[in-house]
Amino acid sequence: KKKLQADGILPPDKPRLNRRKFIDDALGEFNAFRKKSLVSDLYLHKAVGIMLGMKKRSSPTPEAIGVAKALRLAVRLREFDEMVRFAVENGASDIHLASNNLPSYRKNGKIMSYKGTEILDEDTVMKYIDEVLEPADYLKFCNTGDIDSAYQFGNLARFRVNAFKQRHGATL
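First, a word on what this report is: a plain description of the structure on this page. (Residues numbered from 1 in each chain as written. Predicted model: local features only at pLDDT ≥ 70, side-chain atom pairs only at ≥ 80, totals over all residues. Heavy atoms only, no water.)

Focus on the pattern of salt bridges
Evaluation of the coordinates by the stated rule reveals seven salt bridges. The partner of Asp7 in a salt bridge is Lys3, and the shortest N-O contact between them spans 3.1 Å. Given the relative accessible area of 46%, Asp7 is considered partly exposed. The partner of Asp25 in a salt bridge is Lys21, with the nearest N and O atoms 2.7 Å apart. You can see Asp25 and its partner Lys21 sitting in helix H2 (residues 19-36), four residues apart, about one turn around the helix. Residue classification places Lys21 among the partly exposed positions, given a relative accessible area of 47%. (Salt bridge = Lys/Arg side-chain N within 4 Å of Asp/Glu carboxyl O. Buried < 20%, exposed > 50% of the residue type's maximum accessible area, 1.4 Å probe, protein only. Helix = DSSP H or I, 4+ residues; strand = E, 2+ residues; numbered from the N terminus.)

In structure tokens form, the structure reads like this:
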């Protein structure tokens, strides 16, 4: 193959993509763009639509699945932030996020479900746990199935965190 490439019969091999560098460069480029443009969200929306293949009806690519997962994650993280903010603003002492249960909070010793929410699946609870734990703590949790930690929610509040796995799934 190398001889055929040297003789010009075969094209040279494409250089391997350094995925980590590509991601870091793309993120840096987009963040710089966001600082300069007030309409960056519009372009991001268009790019996501293209990646998802919204204009053509073809079978989904692995990239489109990855983009769809990122969109779903963004929605789940926003829901998480809204639940935490609601709990803080309404004087809740605890937040309970357990697989196969409605998200709930404790206020004055009484457990109440958040209005307008659905039963949490384990994947969503695991994403919430990943959000609140440092990477080393998340790895420890994945290995042991139990962790005690702390979570700083912006400037609004700091929480004690207990995450554990049990028969019905993960709990935070």
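Focus on the sheet that holds strand E3 (residues 110-113)
Spatially, three strands are ordered E1-E2-E3 in an open sheet, and the strand pairing comes out antiparallel. Each edge of the sheet is formed by a strand with only one pairing partner; in this case those strands are strand E1 (94-96) and E3. Each strand axis lies, on average, 30 degrees off the axis of its neighbour in the sheet, ignoring direction. Here strand E2 (residues 104-107) runs beside E3; their pairing, made up of four bridges, is antiparallel. Bridge pairing in E3 places Ser104 opposite Ser113. (Pairing = 2+ DSSP bridges. Axes fitted to C-alpha atoms, helices over the stretch in contact; angles between N-to-C directions.)

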